[in-house]
4 protein chains.
Amino acid sequence: MDAMMMDSMKTAMPGMEMDMAAMQACMDACAACEQACTVCSTQLMSCSPACMNCADMCNTMMRTMMRMQGMTPAAMMAMLDACIAMCQVCMDECMEHADNSEVCKMCAAACQACMDACAMVRESMIAAR
Amino acid sequence: MDAMMMDSMKTAMPGMEMDMAAMQACMDACAACEQACTVCSTQLMSCSPACMNCADMCNTMMRTMMRMQGMTPAAMMAMLDACIAMCQVCMDECMEHADNSEVCKMCAAACQACMDACAMVRESMIAAR
Amino acid sequence: MDAMMMDSMKTAMPGMEMDMAAMQACMDACAACEQACTVCSTQLMSCSPACMNCADMCNTMMRTMMRMQGMTPAAMMAMLDACIAMCQVCMDECMEHADNSEVCKMCAAACQACMDACAMVRESMIAAR
Amino acid sequence: MDAMMMDSMKTAMPGMEMDMAAMQACMDACAACEQACTVCSTQLMSCSPACMNCADMCNTMMRTMMRMQGMTPAAMMAMLDACIAMCQVCMDECMEHADNSEVCKMCAAACQACMDACAMVRESMIAAR
């Protein structure tokens, strides 16, 4: 995510105080998680449906952060909670066979990183209240 | 959504009691809302970003309902809350110029229907506890 | 897809002659195919990756038909060809175990219907030249 | 895209000779283009629908490259052609007002880079025949 593009997004959020560095890190973590989940889902292991759901939710979360016009703090919180919940489900499913699959281990790590990044945005919103 | 396909999905949710008729209605409402929002977003009115976010979230909600393996009640609740929140944002944005745009009026109605359908699934989960 | 919404889309395509009934049928077939593929992919059979690709492509095809502003006949033809190709791949994969899975059989039928609907739009564009 | 993840994808493409470095560069270019288009579409300029279509197609192209199981050379070519076509449409729309919008200029550059990356994969497939 380019600095100029980030500036353009900042103007889209009048009245919502957010830590733009945390937002940028979160969008990157969502993109990385979508990719890891997409690859992981092709293994046809029991985690596949959870991986696909997580990939779609991370993409939707990332896009929403790029399109904040009209977003309210309550809607943003609900999205972050849902993204964290879906990463948790995917991570739990992948950890069940992480010993047998390096890809699952990597996917679980990407889910954890995405959850952490979403939590950071969440905290920055609460701190800014 | 075909009856046989619904049967196939039911087996994917051991241990989670849900009203399958409410689920089916909700998937249909999500699909209809995604379509209305996609068309509405092309009008280049101020609601467009909210419409695009809502379209993506409704698609992710619908797909998650078709891929319930691994889902927990908590994750499902978080997803329903996020979908309801995004429909609310989109509806509020569209209602600001619903007098000038029949498409916005239709999009707002699709958002309301999707919120109602998500709330029904939510209630069926609480009732089944 | 509502008649009024179809009217709104028609105005988005100045200079591109298309059979709007064929377009409407194609959007419906894409939506149905996305749903069948999404359910089919949860079976963790060898067709799953092809089903997921087909689901994503059908969704992108449907949305593009709802957002024709700026589209050229050449781009539309390329999209239809790609959608047909991805449905073909998915159908071929599903047919390999259609005897063992009713869901695969249904998914293959949805792919065939989507291919046919895309071909109809393609033909209507060629006829209108 | 992590080296180990790339290895895992390579095994998914028996019988299809592709330049994995070109594939990796193309997936990165698709992801960057999806993000640029998503931001650009929020400007509510005439390019918005083309940007949204391009974002969806680039995401579908990227995911397909991560899920090559079952893909045929013909289907891969059709997807690359469609992705190139959609980037071209988006770039043309954005260039019409690139003088007035830095975001459009950046989006057009991301489209050009994605087209080039897709063309490189295309050429590597033809060379490997």
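Look above for the structure.
Keep in mind the model is a prediction, meaning the values are calculated, not measured. All residue numbers refer to positions counted from 1 along the written sequence of the respective chain. Each chain is given a letter, starting from A, and each ligand a number, starting from 1, according to the order in which they appear as written. Reporting of local features is limited, given that this is a predicted model, to residues whose pLDDT is at least 70; pairs of side-chain atoms are given and counted only at 80 or more, and all residues count toward the totals for whole chains, interfaces and linings. With hydrogens and water set aside, each side-chain value is computed from the structure's full complement of heavy atoms.

(A) Just the interface of chain D and chain A, in detail. Tallying the contact residues gives 24 residues for chain D and 24 residues for chain A. The term buried area means the drop in 1.4 Å probe accessible area that two parts suffer when joined, counted for both and summed. Carbon and sulfur atoms supply 65% of the area buried between chain D and chain A, which totals about 2,200 Å² over both sides. Of all residues in chain D, Met-5, Gln-35 and Arg-63 of chain D bury the most surface against chain A, accounting for 26% of the area lost on that side. By definition, a salt bridge exists where a carboxyl oxygen of Asp or Glu is found within 4 Å of a side-chain nitrogen of Lys or Arg. Along the contact surface separating chain D from chain A lie four salt bridges. For Arg-63 of chain D, the salt bridge is made with Asp-56 of chain A, and the minimal N-O distance between the two is 2.8 Å. In the analysis that follows, any N or O atom pair within 3.5 Å is treated as a polar contact, provided that within protein one partner can donate a hydrogen and the other can accept it, and provided that, for residues neighboring in sequence, both atoms belong to side chains. The tally of links between chain D and chain A comes to eight residue pairs in polar contact (both at pLDDT 80 or more). Counting residues per element, the ones that place at least two in the side of chain D that touches chain A are α1 (3–10), α2 (20–41), α3 (48–66) and α5 (102–127) of chain D. Residues count as neighbours in contact if any of their non-hydrogen atoms are within 4.5 Å of one another. Here a strand is any run of E in DSSP of at least two residues, a helix any run of H or I of at least four, and the numbering for each starts at the N terminus.

(B) Representation of the relation of the copies chain B and chain A within the structure. The copies are overlaid by a least-squares fit using only the C-alpha atoms of residues whose pLDDT is at least 70 in both copies. Laying chain B over chain A is done by rotating through 180° and shifting 0.0 Å along the axis; what remains is an RMSD of 0.0 Å. Overall, the copies show the geometry of a two-fold rotation axis. Across chain B, the rotation axis passes nearest the C-alpha of Ala-82 of chain B, at a separation of 3.1 Å.

(C) Focus on the side chain of Ser-124 of chain D. Residues and elements named next belong to chain D. Residue placement: Ser-124 occurs in helix α5. Only protein chains enter the accessibility calculation, which uses a 1.4 Å probe; a residue whose area is less than 20% of its type maximum is buried, one above 50% is exposed, and one in between is partly exposed. A relative accessible area of 15% means that Ser-124 is categorised as buried. In contact with Ser-124, other than residues within four places in its own chain, are Glu-17, Met-18 and Asp-19.

(D) Expanded view of the interface of chain B and chain A. Chain B puts 23 residues into the contact, and the matching count from chain A is 23 residues. When chain B packs against chain A, the two sides together hide about 1,900 Å² of surface, and 64% of this comes from carbon and sulfur. On the chain B side of the contact with chain A, Asn-53, Asp-56 and Arg-67 of chain B bury the most area, a combined 26% of that side's loss. Joining chain B to chain A, the criterion identifies four salt bridges.

(E) Representation of the packing of helix α2 (residues 20–41) of chain A against α3 of chain D. Fitted lines through C-alpha atoms serve as axes, helices being fitted only where they are in contact, and the angles separating the N-to-C directions of these axes extend from 0 to 180 degrees. One can describe the packing of α2 of chain A onto α3 of chain D by two numbers: an axis separation of 9 Å at closest approach and a directional angle of 45°. Regarding the angle of α2 of chain A to α3 of chain D, the classification is oblique. α2 of chain A and α3 of chain D meet at a crossing whose hand is right-handed. Seen from α2 of chain A, the contacting residues are Glu-34, Gln-35, Thr-38 and Val-39 of chain A; seen from α3 of chain D, they are Asn-59, Met-62, Arg-63 and Met-66 of chain D. Reported orientations rely on four angle classes, namely roughly parallel under 35 degrees, roughly antiparallel over 145, roughly perpendicular from 65 to 115, and oblique for the rest. Helix crossings are classified by the rotation of the near helix relative to the far one: an anticlockwise turn of less than a right angle makes the crossing left-handed, while a clockwise turn makes it right-handed.

(F) Representation of unusual backbone geometry. Residues and elements named next belong to chain A. Here Leu-44, not a glycine, exhibits a phi torsion of approximately 60°, which is positive. Mapped onto the elements of the fold, Leu-44 is located in the loop between α2 and α3 (48–66). Under the relative-accessibility criterion, Leu-44 is labelled partly exposed at 28%.

(G) Summary view of the nonpolar core. Put simply, buried Ala, Val, Leu, Ile, Met, Phe, Trp, Tyr and Cys residues joined by side-chain atoms within 4.5 Å make one nonpolar core. Counting residues in each nonpolar core, the largest one holds 239 residues, and the members touching the most others are Met-76 of chain A, Met-76 of chain B, Met-76 of chain C together with Met-76 of chain D. Look past the residues within four positions of Met-76 of chain C in its chain and what remains in contact with it is Met-16, Met-18, Met-23, Met-61, Met-65, Met-68, Met-71, Val-121 and Met-125 of chain C.

(H) How the structure looks around the pattern of salt bridges. Here the structure, examined in full by the defined rule, presents 24 salt bridges over all chains. Overlapping salt bridges, with partners in common, bring together Glu-34 and Asp-56 of chain A, Arg-63 and Arg-67 of chain B, Glu-34 and Asp-56 of chain C together with Arg-63 and Arg-67 of chain D in one network.

(I) Focus on the side chain of Ser-101 of chain A. Residue and element names in this part refer to chain A. In this fold, Ser-101 is placed in the loop between α4 (73–95) and α5 (102–128). Residue classification places Ser-101 among the buried positions, given a relative accessible area of 4%. At 3.3 Å, the side chain of Ser-101 forms a polar contact with the backbone nitrogen of Val-103. Apart from the residues lying within four places of it in its own chain, the contact partners of Ser-101 are Gln-43 and Met-45.

(J) A look at the environment of Ala-110 of chain A. All names here are of chain A. Inspection of the secondary structure assignment puts Ala-110 in helix α5. A C-alpha to C-alpha distance of 6.7 Å links Ala-110 and Ala-32, two positions 78 residues apart in sequence. Ala-110 has contacts with Ala-32, Cys-33 and Ala-36, leaving out every residue within four places of it along the chain.

(K) View of the state of the cysteines. Any pair of cysteine sulfurs within 2.5 Å is marked as a disulfide. Scanning the entire structure with this criterion turns up zero disulfides over all chains. Cysteine Cys-118 of chain A remains unbridged, with the sulfur of Cys-26 of chain A as its closest cysteine sulfur at 3.7 Å. Under the relative-accessibility criterion, Cys-118 of chain A is labelled buried at 0%. Here Cys-104 of chain B is not cross-linked by a disulfide; its sulfur's nearest cysteine counterpart is in Cys-40 of chain B, at 3.8 Å. By relative accessible area, Cys-104 of chain B is classed as buried at 0%.

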